[in-house]
Amino acid sequence: MIKQIKFAQHKKAIVSMMMAMLHLEPQTVDIPVARYIELDEMGVLKPFAWFDGDTIKGIALLFVSPSLRNQSIVDASTDVIWVTPEYRGNSSEFIDGIKVQLKTMGVNYWYISSRDTAPIDGFLTKNDFEPLERLYFCEV
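Here is a short report on the structure shown in this document. If you're wondering where the values come from, they're calculated on a predicted model, not measured in any experiment. (Residues numbered from 1 in each chain as written. Predicted model: local features only at pLDDT ≥ 70, side-chain atom pairs only at ≥ 80, totals over all residues. Heavy atoms only, no water.)

A short note on the packing of aromatic side chains
Each aromatic ring pair is described using two quantities: the centre-to-centre distance and the angle formed by the ring planes.
Item 1. What the rule picks out here adds up to 4 aromatic pairs.
Item 2. Plain terms: the ring middles of W50 and Y87 are 6.4 Å apart, the flat faces sit at 65° to each other, and that makes the pair edge-to-face. Of this pair, W50 sits in strand 2 (residues 45-52) while Y87 sits in the loop between strand 4 (74-83) and helix 3 (92-104), and the two are 37 residues apart along the sequence.
Item 3. Owing to a relative accessible area of 0%, W50 belongs among the buried residues under this scheme.
Item 4. Ring geometry for W110 and F129: centres 5.1 Å apart, planes at 70°, overall edge-to-face. One end of the pair, W110, is in strand 5 (residues 109-111); the other, F129, is in the segment after helix 4 (121-126), and 19 residues separate them in sequence. (Phe/Tyr/Trp six-rings, centres within 6.5 Å; stacked < 30°, edge-to-face > 60°. Helix = DSSP H or I, 4+ residues; strand = E, 2+ residues; numbered from the N terminus. Buried < 20%, exposed > 50% of the residue type's maximum accessible area, 1.4 Å probe, protein only.)

See the structure below:
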């Protein structure tokens, strides 16, 4: 089952999954739990979880807002998407469930990036995402 959750109610599981991703980060991470909760309460952050009974198999933290370039379009940008390794074989169920809920929120486009060091490109294209751009970073 895929459902939108409250960050505060599931913060232990969410932060645990975020910590499992630290090897993908190019910089030190200090997860601002209180800020995530605040953004969720404001309705800007949309946390989703993929459940098997009481077990959370995956999480997605999305920011939903009108496009700044075209106010008639609503975008969802992915901050975090993580499926525990043992559930990755059929995780398209997770993506499809989120898509259904985003559609009911009026979202037109959902953006997810893929790390060069741990690419999920194949998974994304399998789930009807199309390549748009490559994201680069530099330390300043």
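Looking at the sheet that holds strand 3 (residues 55-66)
Item 1. On the basis of which strands lie adjacent, the open sheet formed by 5 strands has the order 1-2-3-4-5 and mixed pairing. Every other strand in the sheet has two partners, leaving strand 1 (2-4) and strand 5 as the edge strands with one partner each. Along the sheet, successive strands turn relative to each other by an average axial angle of 30°, direction set aside.
Item 2. Examined bridge by bridge, strand 3 and strand 4 share 9 bridges and lie antiparallel to one another. Looking across to strand 4, one finds that G58 is bridged to V83.
Item 3. Of the strands in this sheet, strand 3 and strand 4 touch helix 1 (residues 11-19), which is tilted by about 90° from strand 3. (Pairing = 2+ DSSP bridges. Axes fitted to C-alpha atoms, helices over the stretch in contact; angles between N-to-C directions. Contact = heavy atoms within 4.5 Å.)

Describing the pairing of strand 2
Item 1. Burial analysis of strand 2 places 7 of its 8 residues in the buried class, which makes it a mostly covered element.
Item 2. In the sheet, strand 1 pairs with strand 2 via 3 bridges, with the strands oriented antiparallel. Paired with I2 across the bridge in strand 2 is W50.
Item 3. Pairing analysis gives 8 bridges linking strand 2 to strand 3, with the strands arranged antiparallel. Following the sheet pairing, F48 is matched in strand 3 by A60.
Item 4. Taking the residues between adjacent antiparallel strands as the criterion, strand 2 and strand 3 are bridged by 2 residues, where G53 takes a positive phi near 65°.

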